[in-house]
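# Results of the structural survey
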Amino acid sequence: GSDDGAGHDDGIYEDDNDGGDDGVISTHYPHIFRGDVFAIIGAIMYGLNDTLTERAVKQMGGVKEYMGIVGFFGCIICVVQALLFEQDSIRGLFDIDEENNGDGSGDETCHAFKSLMVLFISVSFGVLSYMGMSNFLLHSEAALLNLSLLTS
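Residues numbered from 1 in each chain as written. Predicted model: local features only at pLDDT ≥ 70, side-chain atom pairs only at ≥ 80, totals over all residues. Heavy atoms only, no water.

### Some details on the overall build of the protein chain
Scanning the protein chain for helices and strands turns up 6 helices and 0 strands. Counted from the first residue to the last, the protein chain has its helices and strands arranged as α-α-α-α-α-α. Each of the 152 residues in the protein chain was classed as buried or not, and the buried ones make up 16%. If you take every contact in the protein chain between residues at least 6 apart in sequence, the share linking residues at least 24 apart comes to 39%. (Helix = DSSP H or I, 4+ residues; strand = E, 2+ residues; numbered from the N terminus. Buried < 20%, exposed > 50% of the residue type's maximum accessible area, 1.4 Å probe, protein only. Contact = heavy atoms within 4.5 Å.)

Right, dumping it as structure tokens:
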């Protein structure tokens, strides 16, 4: 686009009048197509997950078995992922150094008790979310679950 000298551009999607149609979008967002494909794949997988969850809850054993399987395999996958990729981040979450002295006053880490409380609250809400969705799917359909999540 044309610049007025003060750094203001006439338009976000305007071409530079060079005859090309790539404009600002292709220079600032070179992976726009890949992002769209990943969004579509993610949406399909999310819908497939809800549909298979509904089938597992209604036809293959109920809520307790579903929650046990999700918890068991989820725990294994998370522990392996944490051991492979997140060791430094986890160590940093509970690290007490000279600046912090364990009182939560440092910038890098928070107090160990606060870290454990955040972890506990996060896990609790995750468990309640899975329990709520599986109980909802026991009495209703995956389509209604997705519509209710989209409109809330």
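### Considering the packing of aromatic side chains
Where two aromatic rings form a pair, the distance of their centres and the angle of their planes describe that pair. As enumerated under the stated definition, the model contains 1 aromatic pair in all. Summarising the aromatic geometry, the rings of Phe-72 and Phe-73 are spaced 5.1 Å apart at their centres and angled 75 degrees between planes, so their arrangement reads as edge-to-face. (Phe/Tyr/Trp six-rings, centres within 6.5 Å; stacked < 30°, edge-to-face > 60°.)

### What to know about the state of the cysteines
Evaluation of the coordinates by the stated rule reveals 0 disulfides. Cysteine Cys-75 remains unbridged, with the sulfur of Cys-78 as its closest cysteine sulfur at 7.3 Å. Residue Cys-75 is classed as partly exposed on the basis of its relative accessible area, which comes to 47%. (Disulfide = S-S within 2.5 Å.)

### Some points on the pattern of salt bridges
Under the defined criterion, the tally for this structure stands at 1 salt bridge. One salt bridge in this structure joins Glu-54 and Lys-58, with 3.3 Å as the shortest N-O distance. Of the two residues, Glu-54 and Lys-58 both sit in helix 2 (residues 32–59), 4 residues apart, roughly one turn of that helix. When its relative accessible area of 16% is taken as the criterion, Glu-54 is described as buried. By relative accessible area, Lys-58 is classed as partly exposed at 41%. (Salt bridge = Lys/Arg side-chain N within 4 Å of Asp/Glu carboxyl O.)

### As for helix 2
Between its first and last C-alpha, helix 2 extends 40 Å over 28 residues, near the 40 Å set by a 1.5 Å rise per residue. Looking at helix 2, one finds that the buried residues are Asp-50, Thr-53, Glu-54, Ala-56 and Val-57. Taken together, the buried residues of helix 2 touch helix 3 (62–85), helix 5 (112–139) and helix 6 (142–151). One or two positions beyond helix 2, positive phi appears at Gly-61, with a value near 140 degrees. (Expected span 1.5 Å × (residues − 1).)

### Focus on the layout of surface pockets
Reported here for the largest pocket is a volume of approximately 750 Å³. If you trace the largest pocket, you find 23 residues lining it, with Gly-74, Cys-75, Cys-78, Val-123 and Tyr-130 closest to the centre. Secondary-structure elements contributing two or more residues to the lining of the largest pocket are helix 2, helix 3, helix 4 (87–93) and helix 5. When residues of the lining of the largest pocket are assigned to their parent elements, the largest contribution, 8 residues, is made by helix 3. Across the lining of the largest pocket, the residue classes break down as 15 nonpolar, 7 polar and 1 charged. (1 Å grid on protein atoms, 1.4 Å probe; cavity = no way out; pocket = protein on both sides within 12 Å on 5 of 7 lines; lining within 4 Å. Points joined across faces, edges and corners; volume = space filled by probe spheres on them. Nonpolar A, V, L, I, M, F, W, Y, C, P; charged D, E, K, R; others polar.)

### Re a nonpolar patch on the surface
Judged by side-chain polarity, Phe-113, Leu-116, Met-117, Leu-119, Phe-120, Ile-121, Val-123, Phe-125, Val-127, Leu-128 and Met-131 come together as a nonpolar surface patch covering roughly 1100 Å² of accessible area. Following the sequence through the fold, Ile-121 ends up in helix 5. What makes Ile-121 partly exposed here is its relative accessible area of 40%. (Patch = residues over 30% accessible without salt bridge, like charges linked within 9 Å, V, L, I, M, F, W, Y side chains within 5 Å. Areas by Shrake-Rupley, 256 points an atom, 1.4 Å probe, with all protein chains shown as cover.)

### A few points about the side chain of Ser-134
Counting through the fold element by element, Ser-134 comes out in helix 5. Owing to a relative accessible area of 1%, Ser-134 belongs among the buried residues under this scheme. The residues touching Ser-134, leaving out its near neighbours within four places in the chain, are Val-57, Val-63, Tyr-66 and Met-67.

Purely geometric numbers; function is a separate question.
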